Amino acid sequence: MIEQLTVLLQNEKGRLSQLCRDLADADINMHDLFVADTSDFGIVRIFCDTPKRAAAVLEEHGYRARVVDVLAVRVPNVPGGLATLLESIEGAGCNIEYGYCFSRGGETAIDVLKVADPAIEGTLSEAGFDIVKAEEVYELDE
């Protein structure tokens, strides 16, 4: 499992740029940022160099922030790569709360999943899936 910073953000002009500025002013480096939004708020998911410190900094600035453990898995960057992973998780009886994927143009994609049972990481590893370790989070540029 790896640590992801999750921030609930009001969907208002300038809020995302202010969040990024607050992290930058605290000398926190973001490596990846993903936003899911509704008309009222957004959920910002960030991989950064110091997620616990970042959460504390943002809380001091009035944000609702927390660190969440997520599963990151490298899969072949081909049609069906994600489907194979999801079918394996489903077959093990584990629920996926949310997920997102990204690729940096290499032969693999990174699938990030919030799962109900962290033990699925061992099950997937035993099945031959390439689990991204915490120390690799900032080396995802392949």
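The following refers to the structure shown.

Comments concerning helix H2 (residues 51-60)
Next, step 1: Here H2 has its buried residues at Pro-51, Ala-54, Ala-55, Val-57 and Leu-58. For H2, the angular spread of buried residues about the axis comes to 165°, placing them on one side. Of the exposed residues in H2, those oriented more than 90 degrees away from the buried face are Lys-52 and Glu-60.
Next, step 2: Where H2 is buried, its residues touch strand E1 (2-10), helix H1 (15-25), strand E3 (41-48) and strand E4 (64-76).
Next, step 3: Backbone geometry just after H2 places Gly-62 at a positive phi near 90°.

Comments concerning the packing of H1 against H2
Next, step 1: It is the contact of H1 with H2, at a shortest axis distance of 10 Å, that shows an interaxial angle of 120°. Comparing their axes, H2 and H1 come out oblique. Here the hand of the crossing between H1 and H2 comes out right-handed. From H1, Leu-19, Asp-22 and Leu-23 reach across to H2, where they touch Ala-54, Val-57 and Leu-58.
Next, step 2: For the contact of H1 with H2, the residue count by class is five nonpolar, no polar and one charged.

Things to note about the pairing of strand E6 (residues 108-115)
Next, step 1: Burial analysis of E6 places seven of its eight residues in the buried class, the great majority of the element.
Next, step 2: For E4 and E6, the ladder comprises six bridges, and the chain directions are antiparallel. For Val-75, the partnering residue across the bridge sits in E6 and is Ala-109.
Next, step 3: Where strand E5 (residues 96-103) and E6 come together, seven bridges link them in antiparallel fashion. Paired with Ile-96 across the two strands is Val-115, which belongs to E6.

Looking at the packing of aromatic side chains
Next, step 1: In the structure shown here, the tally under the stated rule is two aromatic pairs.
Next, step 2: Judged by centre distance (4.3 Å) and plane angle (40°), the rings of Phe-34 and Tyr-100 are tilted. In this pair, Phe-34 sits in strand E2 (residues 30-37) while Tyr-100 sits in strand E5, placing the two residues 66 residues apart along the sequence.
Next, step 3: Take Tyr-100: its relative accessible area is 12%, and that puts it in the buried class.
Next, step 4: Here the aromatic residues Phe-34, Tyr-100 and Phe-102 are joined through ring pairs into a cluster of three or more.

Some words on the nonpolar core
Next, step 1: With 16 residues, the main nonpolar core has Leu-5, Val-7, Leu-19, Leu-23, Ile-28, Ile-46 and Leu-58 as its most contacted residues.
Next, step 2: Breaking this core down by element, the ones donating at least two residues are E1, H1, E3 and H2.
Next, step 3: When residues in this core are grouped by element, the largest group, four residues, is from H2.
Next, step 4: If we ignore the near neighbours within four places in the chain, the residues touching Ile-46 are Gln-4, Leu-5, Leu-19, Leu-23, Met-30, Asp-32 and Leu-33.

A look at the environment of Met-30
Next, step 1: With respect to the secondary-structure elements, Met-30 resides in strand E2.
Next, step 2: Residue class for Met-30 comes out partly exposed when judged on its relative accessible area of 28%.
Next, step 3: With 74 residues separating them in the primary sequence, Met-30 and Arg-104 have C-alpha atoms 16 Å apart.
Next, step 4: When sequence neighbours within four positions are dropped, the list of residues in contact with Met-30 reads Cys-20, Leu-23, Ile-46, Phe-47 and Cys-48.

What counts, and where the lines are drawn
- Residues numbered from 1 in each chain as written.
- Predicted model: local features only at pLDDT ≥ 70, side-chain atom pairs only at ≥ 80, totals over all residues.
- Heavy atoms only, no water.
- Buried < 20%, exposed > 50% of the residue type's maximum accessible area, 1.4 Å probe, protein only.
- Helix = DSSP H or I, 4+ residues; strand = E, 2+ residues; numbered from the N terminus.
- Arc of directions from axis to C-beta.
- Contact = heavy atoms within 4.5 Å.
- Axes fitted to C-alpha atoms, helices over the stretch in contact; angles between N-to-C directions.
- Parallel < 35°, antiparallel > 145°, perpendicular 65-115°, else oblique.
- Left-handed = near helix turned anticlockwise from the far one by under 90°.
- Nonpolar A, V, L, I, M, F, W, Y, C, P; charged D, E, K, R; others polar.
- Pairing = 2+ DSSP bridges.
- Phe/Tyr/Trp six-rings, centres within 6.5 Å; stacked < 30°, edge-to-face > 60°.
- Core = buried A, V, L, I, M, F, W, Y, C linked by side-chain atoms within 4.5 Å.

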